[in-house]
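Tertiary structure, described
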Amino acid sequence: MDYPTSEYNEHAPYTSLRGQPSTAGPPIKLRRPLKVFSVTFASFIFLLSLVTLIINQSQEPLPTPNKNPSPSTPKATSFAKREPRGVAEGVSAKSNPSFFSDGVSYNWTNAMFYWQRTAYHFQPERNWMNDPDGPLFHMGWYHLFYQYNPDSAVWGNITWGHAVSRDLIHWFHLPFAMVPDQWYDINGVWTGSATLLPDGQIVMLYTGDTIDSVQVQNLAYPANLSDPLLIDWIKYPGNPVLVPPPGIETDEFRDPTTGWLGPDGKWRITIGSRVNETIGVSLVYQTTNFTTYELLEGFLHAVPGTGMWECVDFYPVAINGSLGLDTSANGPDTKHVLKASLDDTKIDHYALGTYDPVTDRWTPDNPKEDVGIGLRVDYGRYYASKTFYDQQKKRRILWGWINETDTEEDDLEKGWASVQTIPRAVLFDNKTGTNLLQWPVEEIESLRLNSTDFEEILIGPGSVVPLDIGVATQLDIFAEFETELISDSAVEEYDCSGGAVDRSSLGPFGILVIADQTLSELTPVFFRPVNSTDGTLKTYFCADETRSSKAPDVFKQVYGSTVPVLEGEKLGMRVLVDHSIVESFAQGGRTVMTSRIYPTEAIYGAARLFLFNNATSVNVKATLKIWQLNSAFIRPFPL
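Quick caveat: nothing in here was measured; it's all calculated off a predicted structure.

A closer look at the overall build of the protein chain
- For the protein chain, the count of helices and strands is 3 helices and 37 strands.
- Split into buried and exposed, the 639 residues of the protein chain put 60% on the buried side.
- Counted over contacts in the protein chain with a minimum sequence separation of 6, partners at least 24 positions apart contribute 67%.
- Within the structure as shown, the protein chain displays about 24,300 Å² of accessible surface, and the carbon and sulfur contribution to it stands at 54%.

Section: the sheet that holds strand β17 (residues 347-356)
- Here we have 4 strands laid out as an open sheet, ordered β15-β16-β17-β18, and antiparallel in their pairing. The open sheet has two edge strands, β15 (309-318) and β18 (361-364), and neither has a second partner. For this sheet, the mean angle separating the axes of adjacent strands, direction not counted, is 40°.
- Here β17 runs beside β18; their pairing, made up of 4 bridges, is antiparallel. Looking at β18, one finds that G353 is bridged to P364.

Thoughts on the state of the cysteines
- If you walk through the whole model with that rule in mind, you get 1 disulfide.
- A sulfur-sulfur distance of 2.0 Å marks the disulfide that ties C496 to C542. Taking the sign of the S-S torsion, about -75° here, the bridge from C496 to C542 comes out left-handed. Of this pair, C496 sits in the loop between β27 (474-485) and β28 (509-515) while C542 sits in strand β30 (residues 537-544), placing them 46 residues apart in sequence.

A few points about the nonpolar core
- With 61 residues, the main nonpolar core has I477, F481, I511, V513, L611 and L624 as its most contacted residues.
- Counting residues per element, this core draws most heavily on strand β36 (residues 618-629), at 5 residues.
- Here this core spans two domains, since at least three of its residues come from each of domain 1 (129-440) and domain 2 (449-636).
- Apart from the residues within four sequence positions on either side, F481 is in contact with F509, G510, I511, F527, K570, L571, M573, L611, V620, K621 and A622.

Notes on the pairing of β15
- Burial runs high along β15: 10 of the 10 residues are buried.
- Sheet topology places β15 next to strand β16 (residues 334-342); 8 bridges connect them, and they run antiparallel. For F314, the partnering residue across the bridge sits in β16 and is L338.

So, the environment of K394
- With respect to the helices, strands and loops of the structure, K394 is situated in the loop between β19 (383-390) and β20 (395-402).
- On the basis of relative accessible area, K394 is assigned to the partly exposed category, the value being 43%.
- Separated by 69 residues in sequence, K394 and L325 place their C-alpha atoms 6.9 Å apart.
- Those residues within four positions of K394 in sequence are excluded, and the remaining contacts are L323, G324 and Y389.

Thoughts on empty space enclosed by the protein
- Scanning the model with the defined rule gives 4 cavities of 30 Å³ or more in all.
- Within this model, the largest cavity holds a volume of roughly 80 Å³.
- Considering the residues around the largest cavity, the lining is formed by V91, K94, N130, D131, Q147, W155, W190, T191, R254, D255, E310 and C311.
- Looking at the lining of the largest cavity, the elements with two or more residues in it are β2 (127-138), β6 (189-196) and β15.
- Here the residues of the lining of the largest cavity are counted per class, giving 4 nonpolar, 3 polar and 5 charged.
- Looking at the second largest cavity, its volume works out to about 60 Å³.
- Lining the second largest cavity are D313, Y315, K339, Y350, V377, S385, T387, L398, L436 and Q438.
- Elements that contribute at least two residues to the lining of the second largest cavity include exactly β15, β19 and β24 (436-440).
- Looking at the lining of the second largest cavity residue by residue, the class counts come to 5 nonpolar, 3 polar and 2 charged.

Points about the pairing of strand β25 (residues 448-459)
- With 10 of its 12 residues buried, β25 lies for the most part within the structure.
- Pairing of β25 with β36 involves 8 bridges; the strand directions are antiparallel. Opposite I457, over in β36, you have A622 as the bridge partner.

Quick notes on the rules
- Residues numbered from 1 in each chain as written.
- Predicted model: local features only at pLDDT ≥ 70, side-chain atom pairs only at ≥ 80, totals over all residues.
- Heavy atoms only, no water.
- Helix = DSSP H or I, 4+ residues; strand = E, 2+ residues; numbered from the N terminus.
- Buried < 20%, exposed > 50% of the residue type's maximum accessible area, 1.4 Å probe, protein only.
- Contact = heavy atoms within 4.5 Å.
- Areas by Shrake-Rupley, 256 points an atom, 1.4 Å probe, with all protein chains shown as cover.
- Pairing = 2+ DSSP bridges.
- Axes fitted to C-alpha atoms, helices over the stretch in contact; angles between N-to-C directions.
- Disulfide = S-S within 2.5 Å.
- Core = buried A, V, L, I, M, F, W, Y, C linked by side-chain atoms within 4.5 Å.
- Domains from an automatic or database assignment.
- 1 Å grid on protein atoms, 1.4 Å probe; cavity = no way out; pocket = protein on both sides within 12 Å on 5 of 7 lines; lining within 4 Å.
- Points joined across faces, edges and corners; volume = space filled by probe spheres on them.
- Nonpolar A, V, L, I, M, F, W, Y, C, P; charged D, E, K, R; others polar.

Everything listed here is a matter of coordinates, which is why it stays silent on function.
This is the structure in structure tokens:
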């Protein structure tokens, strides 16, 4: 096909991003608009977004005296070092204390804070949220439980929030499912998982932090299974059902998984821990009634040097097929995914392998990419993920927690913290045989409004091309890229670490999201093909947050990794933009990244979208289809 006319090359070079920003050239004309977006609707949304942010008053929970028979070793807390919340209580860091002594990082306005709230990602109306808990489908409703602080926008007083949805996108807030009110969970109703039994019963296992800060496992179940909303929950009177076994530290024993049924008719669960300070492990228990348990000898799996394993997940995937599997499925056409959230690094790792239901051992396909040392679930700001089997649509659904990268002082000022990812369908990639595929659930398409197509836009080396789509804060972007070599390419050793301004022969190139017109703030999502010294062509998929915000006390990083690209495949990405959240999927979901950004200029109507090519030796042709997305209007259930 012919390239577009030369007008697409008359723009400021991308290398201007190294220094002072320069204004990009005029926006290109739309290639094929499918619909005209309603001006009235856009104006309405804009006016709503200017509503004053409600500021919550911070309040620390008070300890409740009670009796607990389990001993524990108290931890010393250093207030001088401003230790992140949660660490002293035996869980991973849950906040980012300010680097500034007065807690002030930037002159934030209420309008800036309000813009950071997402439009279609799940988040509570206010206050703190972290790990997803016990997702399930029951009587026509999807249920999401989550770690929540009802009193403040920082971690503490952890309660189970509860929301329901018909389609995994439009959510209703419900009353709390469980609160910390017993000696075995008075310091927090922590992360847990749901198991659906063949007779229709639902059992929920969760970690409780006792009055003496011992991590124990507790059982809860619905008070009324005929209630589709599952509003009322009962804690088992005999709790806790599990306490730390010998050799396991009392604050390193948490996050029980969904149960799976073995060939002997007994249920298994696995719980994360560590031994000898550095060896990450998953303990295996078996049970017939979920109230009494037997600890099996050895571990489901253990990896030296990976430290404490939190939020372990364990589930099967079909080697060939497009459907998910029930957690108890096993057989010759099945692989098992073992995933752990590493407390030391705050990264979710997974590996593919084989599970032996007789010995209750899991073996990785590739020991060099074992849990904690190989593949990541998401290469960006992402943690504490959990899956569940959706029996309605026969699919495996993945949730993940997107935590904040600003300071807790800023979170207190704006009155809320943290978001959940868009639910993702998970499949085995039978084309590569080495990784999972993650893809936003199909229901996200219900939010699509107008769409715009751009075909074969030519982007010369060092060029930026504006895309005239109007407001660019809620988008679903599909982009494909082809390259044409115009000069000799070098053998190079590059990866994502240099960001989008680090030029090489074949990259980087991609899109700039949440950028202002002058490119003073921008977040590049890009590919970087590299002719490596070993004679192979590697392709990296990256996101660069380093110029995403002018605020100084915001954590900004370059994320990414290699992505498998098979012969004959074009380079393709899908990017979901939702105000301060950008979820990026490469090659059908083989590599995924989540970015958390806090712009000060590129907000509301000032947010723009661009293409860029910062390679030195290739022309890039880009073809895009872009949808504006509606809001999900998450709100309380009209009880």
